[in-house]
Amino acid sequence: MTPNIIIDCDPGHDDAIAIMMAGQLTNILGITTVSGNAPLSLTTENALIMTELLNLDAEVHAGASRPLMVAPRHAEEAHGRSGLDGPDRPEISREVASNDAVGFIIETIRTNDDIWLVPVGPLTNIALAVRQAPDIVDRVAGVSIMGGSAGAGNVTATAEFNVWADPHAASIVFDAGFKKLLMAGLNLTHQFGIDEQLIADLRTLGNRASLFAADLFDFYLASHRKRTHGQRAPLHDPCAVLAVTHPELFEFQSRSVRVEIDGAHTRGMTVVDERGWGEEPLNCEVEYGVDRDQGMKILLQTLSAYS
Ligand code: RIB
Ligand code: CA
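Residues numbered from 1 in each chain as written. Chains lettered and ligands numbered in written order. Predicted model: local features only at pLDDT ≥ 70, side-chain atom pairs only at ≥ 80, totals over all residues. Heavy atoms only, no water.

## A short note on the coordination of the calcium ion (ligand 2)
Okay, so step 1: Taken together, the protein donors to the calcium ion (ligand 2) comprise Asp10 (OD), Asp15 (OD), Asp15 (OD), Val120 (O) and Asp237 (OD), at separations of 2.2 to 2.7 Å.
Okay, so step 2: Coordination of the calcium ion (ligand 2) draws on donor residues from a single chain, spaced D-x4-D-x104-V-x116-D in sequence. Residue Asp10 is found in the loop between strand E1 (4-9) and helix H1 (13-25), and its partner Val120 is found in the loop between strand E4 (115-119) and helix H5 (124-132); the two are separated by 110 residues along the sequence. (Donors = N, O, S within 2.8 Å, 3.2 Å for Na, K, Ca; no water. Helix = DSSP H or I, 4+ residues; strand = E, 2+ residues; numbered from the N terminus.)

And the structure:
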């Protein structure tokens, strides 16, 4: 059965690919945007670019322009000034459906059963929705996030960007008690990397989605290599979509996961209890492994459907 989802994002190159995949593999009830990789105005414009490019019916609702408590932070070094550097920036005619992403999330969950929330940016909108309407926690089928890590961080030695950018929001979401909370952390997404071969395969596909993705990846791969020693650039956000649509690609382990708010060196760290006999509730299905080659095959098949 095709899952009904709300994708909450901060496009962002990998968010854009997550939208492309969700557009074919799921029924997107709405796209909500949040400040993250770029300021809210740009992440929202970038989401509109994606819905217009892909001719998706999904509405875009703008959300939080800043985290709950810490100052806004962006990732220009990874995604460029626009948040979607690389391809020529298309003109768009579409506009946001509302500036009330949180209200949209609450209303949509209250009037539809079995919705998956797929947040792939800072968790500010989701935390605000849970705080305003705690009843939505039991109503959703599950939450599949890209965020955190059961290993090293990226922004700091211990913290991953989405959680680090709004640790208070992440703490609310991890502690909310969702019946299913799937976590695609950096320990997982660094197993799902793109390279020149994939970019060549996308250019061979040759439709508007795959060519736009190839232009995105040219920038994203070069930017990753400039900043790290990694040969392949991790394709983070599509993992959160695939964990819902193709769970058989992943190895999940039930874990207790808490978010560090105050640590001098660990603020924004997802503290994953690996002991197996801790007292804390096992609140999260943490992803430890993924079949990368099969996942990339699905990515190419999915993008070929836009021809
Ligand atoms: O740390 C990776 C995450 O931060 C991804 O969601 C990327 O888009 C950025 O938001
Ligand atoms: Ca993102």
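Still more to cover.
## Observations concerning the site of ligand 1
Okay, so step 1: Around ligand 1, the structure places Asp10, Asp14, Asp15, Asn37, Val120, Met146, Asn154, Glu160, Phe161, Asn162, His236 and Asp237.
Okay, so step 2: Within the contact set of ligand 1, an oxygen atom lies 2.9 Å away from a side-chain nitrogen or oxygen of Asp15.
Okay, so step 3: Interatomic distance of 2.9 Å between a side-chain N/O atom of Asn154 and an oxygen atom of ligand 1.
Okay, so step 4: Alone, ligand 1 offers 280 Å² of accessible surface; in the complex the protein occludes 97% of this.
Okay, so step 5: Of all the secondary-structure elements, those providing two or more residues to the shell around ligand 1 are H1 and helix H7 (161-165).
Okay, so step 6: Within the shell around ligand 1, the residues separate by chemical class into three nonpolar, four polar and five charged. (Near = heavy atom within 4 Å. Polar contact = N/O pair within 3.5 Å; in protein donor to acceptor, adjacent residues only side chain to side chain. Areas by Shrake-Rupley, 256 points an atom, 1.4 Å probe, with all protein chains shown as cover. Nonpolar A, V, L, I, M, F, W, Y, C, P; charged D, E, K, R; others polar.)

## Remarks on the packing of aromatic side chains
Okay, so step 1: For the structure shown, the criterion picks out two aromatic pairs.
Okay, so step 2: When the ring of Phe250 is compared with that of Phe252, the centres are 6.0 Å apart and the planes differ by 45°; the resulting orientation is tilted.
Okay, so step 3: Its relative accessible area of 9% is what places Phe250 among the buried residues.
Okay, so step 4: Between the NZ or CZ atom of Arg275 and the centre of the ring of Trp277, over which it lies, the distance is 4.8 Å. (Phe/Tyr/Trp six-rings, centres within 6.5 Å; stacked < 30°, edge-to-face > 60°. Buried < 20%, exposed > 50% of the residue type's maximum accessible area, 1.4 Å probe, protein only. Lys NZ or Arg CZ within 6 Å of the ring centre and 35° of its normal.)

## Brief notes about the pairing of strand E5 (residues 142-146)
Okay, so step 1: Judged by how many residues are buried, E5 sits mostly within the fold: five of five residues are covered.
Okay, so step 2: Here E5 shows a buried face lined by Gly142, Ser144 and Met146 and a second buried face lined by Val143 and Ile145.
Okay, so step 3: Sheet analysis places E5 next to strand E6 (residues 181-184), joined by four bridges and oriented parallel. When the sheet's bridge partners are listed, Met146 is paired in E6 with Ala184. (Pairing = 2+ DSSP bridges.)

## Focus: helix H13 (residues 292-304)
Okay, so step 1: Between the first and last C-alpha of H13 there are 18 Å, a value that for 13 residues agrees with the 18 Å anticipated at 1.5 Å per step.
Okay, so step 2: Among all positions of H13, only Arg292, Gly295, Met296, Ile298, Leu299, Leu300, Thr302 and Leu303 are buried.
Okay, so step 3: Along its buried surface, H13 packs onto H1, strand E7 (193-194), helix H10 (196-205), helix H11 (208-227), helix H12 (238-245) and strand E11 (284-290). (Expected span 1.5 Å × (residues − 1). Contact = heavy atoms within 4.5 Å.)

## Things to note about the sheet that holds E6
Okay, so step 1: The strand order E3-E2-E1-E4-E5-E6-E11-E9-E10 describes an open sheet built from nine strands, whose pairing is mixed. Looking at which strands have only one partner, the edges of the open sheet turn out to be strand E3 (60-62) and strand E10 (270-273). When strand polarity is set aside, the average angle formed by the axes of neighbouring strands in this sheet is 30°.
Okay, so step 2: Pairing geometry for E4 and E5, over two bridges, is parallel. Bridging from a neighbouring strand, Trp116 pairs with Gly142 of E5.
Okay, so step 3: Packed onto the sheet, H1 meets E1 and strand E2 (27-33) and runs at close to 170° relative to E1. (Axes fitted to C-alpha atoms, helices over the stretch in contact; angles between N-to-C directions.)

## Comments concerning the side chain of Asp195
Okay, so step 1: Examined against the element boundaries, Asp195 turns out to sit in the loop between E7 and H10.
Okay, so step 2: Here the side chain of Asp195 touches Leu198 through a polar contact of 3.1 Å, landing on its backbone nitrogen.
Okay, so step 3: The residues contacting Asp195, other than those within four sequence positions of it, are Leu221, Arg232 and Arg292.

## Section: the packing of H10 against H13
Between two packed helices, what matters for the description is the angle formed by their axes and the separation of those axes.
Okay, so step 1: At a minimum axis distance of 10 Å, the contact between H10 and H13 shows a crossing angle of 20°. Our classification of the angle between H10 and H13 gives roughly parallel. Our pair here, H10 against H13, has a crossing hand that is right-handed. In contact with Leu198, Asp201, Leu202 and Leu205 of H10, H13 contributes Met296, Leu299, Leu300, Leu303 and Ser304.
Okay, so step 2: Tallied by class, the residues present in the contact of H10 with H13 amount to seven nonpolar, one polar and one charged. (Parallel < 35°, antiparallel > 145°, perpendicular 65-115°, else oblique. Left-handed = near helix turned anticlockwise from the far one by under 90°.)

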